[in-house]
Amino acid sequence: MFWTRLLSGVVLVILALLLIIPGGIVLLISTCVISLIGLFEYYRALDLQKKPAAWAGYLFTAVYYLNLYFSRNALFSMPKKAVSLYIWKGVPFEMLIVIMLIALLFFYVLSYPKYDIKQITELFFGPVYVSVMLSYIYQARMYTHGKYLVWLIFLTAWGCDTCAYCAGRLFGKHKMSPVLSPKKTVEGAIGGVAGAFLLNLIYMMIFRGRLTSMGMTEIVILSLLSMIGALISMVGDLAASAIKRNVGIKDYGKLIPGHGGILDRFDSILITAPVIYYLVTIIV
């Protein structure tokens, strides 16, 4: 199992490099596909994946990413006349959310009592929890110095996870969440937060010459604030565990050998990505 997890981890890192470094449409499409797979896993865990109403979530995901692309590429380089003829430059996010909710309510009412309100709520929650949260990887990559700063998401989430595991194995005594994750300890959590801080600080110091809009003060502040991101990444991990316990499954899938499904590997990334993105936009 260890070597399977290690090999899968190496493959994931290579794929991340191949998709995130070029950014743009390559990253947008790949993130959209990953979101759709993750959303399917979430719906499957709740036995909703084949429900007709689930298509509201799938379609929302596709339209959301398409809208994200156009809203960030408003064709400013085109002649003004061409731009004036360009119809879709992106719509407000709130509008897409409202449309999805209305679509789900249509399913709820027109097929009543096929769905109960709990299922409608779960169907609505999924695209926000998976698709929207994951999209911040793309948004961070397309931001100022995003080619370098996007990696803070992974250093914070996966770095915290790795450091917490090592610290927990060496010093762990006090259980952090005995019900949700018996193996996680307070000492491991402290080690994970400290490790995330050091990894982010070292990384930004290495690429300091490329981060021209950031001085040493901004680098230190962002590294310190990444500790908040590390704490929140643990919440994302435990939240995914809580959902699995609620529905009685061990893993969301078997897509990634030794790790499980997309949501098993990206559970902490889901919640860390938007946190790091907004911290970066505030500081940089």
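Located above this text is the structure these notes cover.
Student: Describe the packing of helix H8 (residues 151–171) against helix H10 (residues 216–247), and please don't skip the residues or the numbers.
Tutor: Between two packed helices, the angle of one axis relative to the other and the distance separating the axes together describe the packing. Where H8 contacts H10, the axes come no closer than 9 Å and their chain directions differ by 60°. It follows from the interaxial angle that H8 and H10 lie oblique. In this structure, H8 meets H10 at a crossing whose hand is right-handed. Every residue of H10 that contacts H8 at Leu 152, Thr 156, Ala 157, Cys 160 and Asp 161 is listed here: Leu 222, Ser 226, Gly 229, Ala 230, Ser 233, Met 234 and Asp 237. The class makeup of the residues in the contact of H8 with H10 is 6 nonpolar, 4 polar and 2 charged.

Student: Tell me about the environment of Arg 141, and please be specific about residues and values.
Tutor: For Arg 141, the position within the fold is in helix H6 (residues 117–141). By relative accessible area, Arg 141 is classed as buried at 12%. Separated by 113 residues in the primary sequence, Arg 141 and Leu 28 have C-alpha atoms spaced 9.9 Å apart. With residues near it in sequence (within four places) discarded, Arg 141 still touches Ile 20, Ile 21, Pro 22, Gly 23, Leu 27, Gly 146, Lys 147 and Val 150.

Student: Can you break down a nonpolar patch on the surface residue by residue, with the values?
Tutor: Taken together, Leu 7, Val 10, Val 11, Ile 14, Leu 15 and Leu 18 make up a surface patch of nonpolar side chains, about 550 Å² in accessible area. Within the secondary structure, Leu 7 sits in helix H1 (residues 2–20).

Student: A description of the packing of helix H9 (residues 186–206) against H10 should follow, citing residues and the corresponding values.
Tutor: Packing of H9 against H10 leaves a shortest axis separation of 8 Å and a crossing angle of 145°. For the pair H9 and H10, the sense of crossing is right-handed. Taking contact as the criterion, the partners of Ala 189, Val 193, Ala 196, Phe 197, Asn 200, Leu 201, Met 204 and Met 205 in H9 are, on H10, Met 216, Ile 219, Leu 222, Ser 223, Leu 224, Ser 226, Met 227, Ala 230, Leu 231 and Met 234. Grouping the constituent residues of the contact of H9 with H10 by class yields 15 nonpolar, 3 polar and no charged.

Student: Could you give an account of the nonpolar core, with specific residues and numbers?
Tutor: By size, the foremost hydrophobic cluster in this structure holds 66 residues, and its most contacted members are Leu 123, Met 204 and Ile 269. Among the elements that make up this core, the one with the highest residue count is helix H11 (residues 262–283) (12 residues). If near-sequence neighbours (up to four positions away) are discounted, Ile 269 is found in contact with Leu 134, Ile 137, Ile 153, Phe 154, Ala 157, Trp 158 and Pro 274. Listed in part, the 6 residues of the second largest apolar core include Cys 160, Val 193, Ala 230 and Met 234.

Student: Residue-level account of the environment of Arg 210, with values.
Tutor: Its place among the elements puts Arg 210 in the loop between H9 and H10. Separated by 65 residues in sequence, Arg 210 and His 145 place their C-alpha atoms 8.0 Å apart. Leaving out residues up to four positions away in the same chain, Arg 210 has contacts with His 145 and Tyr 148.

Student: Explain the pattern of salt bridges residue by residue, including any values.
Tutor: Going through the model one piece at a time under the given rule, you end up with 5 salt bridges. Lys 118 serves as the salt-bridge partner of Glu 122, at 2.7 Å between the closest nitrogen and oxygen. In this pair, Glu 122 and Lys 118 both sit in helix H6, 4 residues apart, roughly one turn of the helix. Asp 161 is paired through a salt bridge with Arg 265; the nearest N and O atoms lie 3.6 Å apart. Taken together, the positions of Asp 161 in helix H8 and Arg 265 in helix H11 put the pair 104 residues apart, joining distant regions of the chain. The exposure class of Asp 161 is partly exposed, given its relative accessible area of 31%. Overall, Arg 265 belongs to the buried group, its relative accessible area being 12%.

Basis of the calculations
- Residues numbered from 1 in each chain as written.
- Predicted model: local features only at pLDDT ≥ 70, side-chain atom pairs only at ≥ 80, totals over all residues.
- Heavy atoms only, no water.
- Axes fitted to C-alpha atoms, helices over the stretch in contact; angles between N-to-C directions.
- Helix = DSSP H or I, 4+ residues; strand = E, 2+ residues; numbered from the N terminus.
- Parallel < 35°, antiparallel > 145°, perpendicular 65-115°, else oblique.
- Left-handed = near helix turned anticlockwise from the far one by under 90°.
- Contact = heavy atoms within 4.5 Å.
- Nonpolar A, V, L, I, M, F, W, Y, C, P; charged D, E, K, R; others polar.
- Buried < 20%, exposed > 50% of the residue type's maximum accessible area, 1.4 Å probe, protein only.
- Patch = residues over 30% accessible without salt bridge, like charges linked within 9 Å, V, L, I, M, F, W, Y side chains within 5 Å.
- Areas by Shrake-Rupley, 256 points an atom, 1.4 Å probe, with all protein chains shown as cover.
- Salt bridge = Lys/Arg side-chain N within 4 Å of Asp/Glu carboxyl O.
- Core = buried A, V, L, I, M, F, W, Y, C linked by side-chain atoms within 4.5 Å.

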